[in-house]
Amino acid sequence: AAVKSYAAVDLGASSGRVMVGRVGPDSLELAEAHRFPNRPVRVPEGLRWDVLALYAGVLDGLRAVGQVDSVGIDSWAVDYGLLDAGGALLGNPVHYRDSRTEGVAEKVWATVPAEELYAATGLQYAPFNTLYQLTAAQVSAQLSYAERLLLIPDLLTYWLTGEQGTELTNASTTQLIDPRTRDWSYSIASRLGIDLSLFAPLRQPGDPAGVLRPEVLEETGLAGPVPVTAVGSHDTASAVAAVPAEGGERFAYICTGTWSLAGLELDAPVLSEESRAANFTNELGLDGTVRYLRNIMGLWLLQECVRAWEDPELGALLLDAAKVPALRSVVDAGDAAFLAPGRMPERIAEACRATGQPVPASPAEVTRCILDSLALAHRRAVADAQRLAGHSVDVVHVVGGGTRNALLCQLTADACGLPVVAGPTEAAALGNVLVQARAHGLVGDLADGRRLLTRTQPLTRYEPQGDAARWSEAEARLTRG
Ligand code: LFR
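Residues numbered from 1 in each chain as written. Predicted model: local features only at pLDDT ≥ 70, side-chain atom pairs only at ≥ 80, totals over all residues.

A. Seen up close, the overall build of the protein chain. Each helix and strand counted, the protein chain has 19 helices and 21 strands in total. Taken against the 2.2 N^0.38 rule, which gives 23 Å for 481 residues, the C-alpha radius of gyration of the protein chain at 21 Å falls within 12% of a compact globule. Along the first, second and third principal axes, the C-alpha set of the protein chain runs to 60 × 55 × 45 Å. For the protein chain, with 481 residues in total, the buried portion stands at 53%. Long-range pairs, those at least 24 residues apart, make up 76% of the contacts in the protein chain between residues at least 6 apart in sequence. (Helix = DSSP H or I, 4+ residues; strand = E, 2+ residues; numbered from the N terminus. Rg over C-alpha atoms; globule rule 2.2 N^0.38 Å. Buried ≥ 20, exposed ≤ 12 C-beta atoms within 10 Å, placed from the backbone. Contact = placed C-beta atoms within 7 Å.)

This is the structure in structure tokens:
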């Protein structure tokens, strides 16, 4: 039978990739066609995304993939571009790490108390949720001129096809969606003065999102018509869709990259007050699923240190870190204090000092502290999710960039006291491809796609080792000081 090709555009916080997935009845191959940097730019008014450079990278990528049967785009969540009545972009999209949302949540909660907001939207508190960004923007001229808001993947889709929509999995990160109805939370929006008509109509993953415009065909050398398909356009939704779980398996997942997103796939949201206090989020996944998870700072901590140390060789650094004694010092990798860029080695040292632990000095020691701390945060999230959702698991799937980091995978297995199955690395791109393949009738449901992954993708298993009590002891240190 025929093999079809799908272009998966996957935009991360530090790079963009255009991958090509070739899917047959029992085969799935992924190859990278083009990779380009995503460099946030700090201008006097704040931290911005260079979205035109991203779009140029997407076009270069489409030129490099050659003829494909469809294109799908996923990216990080929450951020957006504003368009005027003519469809022109009003300024550069604001980066979610920009400081404009400082102190904004408190203003929102004065109108809709945090408890009520959680019960209605199921979204964890993060200063960058679109809801808070829009509240911060209410004073801006840009927003007053705006007729349309498009989330990043929807904006790029619009530039490719001329058609506007709001893909649901990513919309669920705005904090303006009700996870029970999987539709807008009209009352929250109206109480907070947010005009929902800014948003284009909702699209489901798998929905058609137009065809490449003639100008795009010309620029990329592709022969039309080339459809664009809405995928799980939130990268985490795509990554979770590509968790290679076996049928019937009870699993937790950790999507690792700039962030670690650790949690469970559920059939219904958990909206309890306890869940809010534990800062778990209910984002929407494919096929009526809920991504019940916690955001953990992730490899961002290491990326920022590596930047401060002026780019040492990563492989050597990780080997040295593996030789540093385990669990000497840990920091709370869930702490929003690590959100902003800059001075990361110093901030980690300060956090160790504040909790009365040895201060890591060399890059190897700081790196070890970060990896131990991430594993510890993974452990807490996996344990808390099981408890809060009343859903126990036997295995932890680690997907995404962190699967390349064997030390992190082993530490995660040790800390969780559960086997870790690591892979695939390019989970988001694979989830993106699977949804396109499914929309075109090549694979069946979510479980079918996962079966295809377990048969075709290399996976590595890590068995838990060592004494789990050491991790409880380390955890207790975080609350000292
Ligand atoms: C991961 C991710 C997370 C989201 C964060 C900010 O790339 O999409 O899921 O919380 O980026 O958008």
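B. Looking closely at the confidence of the model for the protein chain. In the predicted model, the protein chain carries a mean pLDDT of 97, and 100% of its residues have values of at least 70. Confidence metrics for the complex model read pTM 0.97 and ipTM 0.98. (pLDDT = per-residue confidence, 0-100.)

C. Representation of the UniProt feature "domain: Carbohydrate kinase FGGY N-terminal" (unreviewed entry) in the protein chain in the model. Here, UniProt's "domain: Carbohydrate kinase FGGY N-terminal" (unreviewed entry) annotation points to residues 67-240. The span residues 67-240 is 36% helical and 17% strand by assignment, and the distance between its end C-alpha atoms comes to 27 Å. (UniProt positions renumbered as here; feature names shortened; annotations may be inferred.)

D. Molecular detail of the sheet that holds strand 15 (residues 251-256). The seven strands lie next to each other as 17-18-16-15-19-20-21, forming an open sheet whose pairing is mixed. The open sheet has two free edges, formed respectively by strand 17 (281-284) and strand 21 (460-462), since each of these has just one partner strand. Averaged over neighbouring strand pairs, the angle between their axes works out to 30 degrees when direction is ignored. Relative to strand 20 (residues 420-422), strand 19 (residues 395-400) is paired through three bridges, and the arrangement is parallel. When the bridges of strand 20 are listed, V398 appears paired with A422. Helix 15 (residues 363-389) contacts strand 15, strand 16 (260-266), strand 18 (290-296) and strand 19 of the sheet and is inclined by roughly 20 degrees relative to strand 16. (Pairing = 2+ DSSP bridges. Axes fitted to C-alpha atoms, helices over the stretch in contact; angles between N-to-C directions.)

E. Region of interest: helix 3 (residues 114-121). Every buried residue of helix 3 is accounted for by L117, Y118, A120 and T121. On an axial view of helix 3, the arc spanned by its buried residues comes to 170 degrees, and they lie on one face. Elements in contact with the buried residues of helix 3: strand 10 (177-178), helix 8 (186-191) and helix 11 (273-277). Where helix 3 ends, the next residue or the one after it, G122, has phi of about 70 degrees, a positive value. (Arc of directions from axis to C-beta.)

F. Highlighting unusual backbone geometry. Looking along the chain, the bond that leaves G224 and enters P225 is cis, with omega of -5 degrees. Its place among the elements puts P225 in the loop between helix 9 (214-220) and strand 14 (227-229). Of the consecutive residues G423 and P424, the connecting peptide bond is found in the cis state with omega at 0 degrees. Along the chain, the position of P424 falls in the loop between strand 20 and helix 17 (427-439). The backbone of R182 sits at a positive phi, close to 55 degrees, despite the residue not being glycine. At D287, a residue that is not glycine, the phi angle is positive and equals roughly 55 degrees. Its location among the elements puts D287 in the loop between strand 17 and strand 18. For D287, a count of 14 C-beta atoms within 10 Å puts it in the partly exposed group.

G. Structural view of the nonpolar core. In terms of nonpolar packing, the biggest core is built from 149 residues, with A7, A242, L301, A385 and V433 touching the most fellow members. With 13 residues, the top contributor of residues to this core is helix 15. In this structure V433 touches Y6, A8, G21, V23 and L30, once residues within four positions along its chain are discounted. (Core = buried A, V, L, I, M, F, W, Y, C linked by C-beta atoms within 7 Å.)

H. Representation of the pairing of strand 16. Most of strand 16 sits inside the fold, with six of its seven residues counted as buried. Hairpin remark: strand 15 followed by strand 16, antiparallel, with three residues in the connecting loop. Relative to strand 18, strand 16 runs antiparallel, the two being bridged by seven bridges. Bridge pairing in strand 18 places G263 opposite L293.

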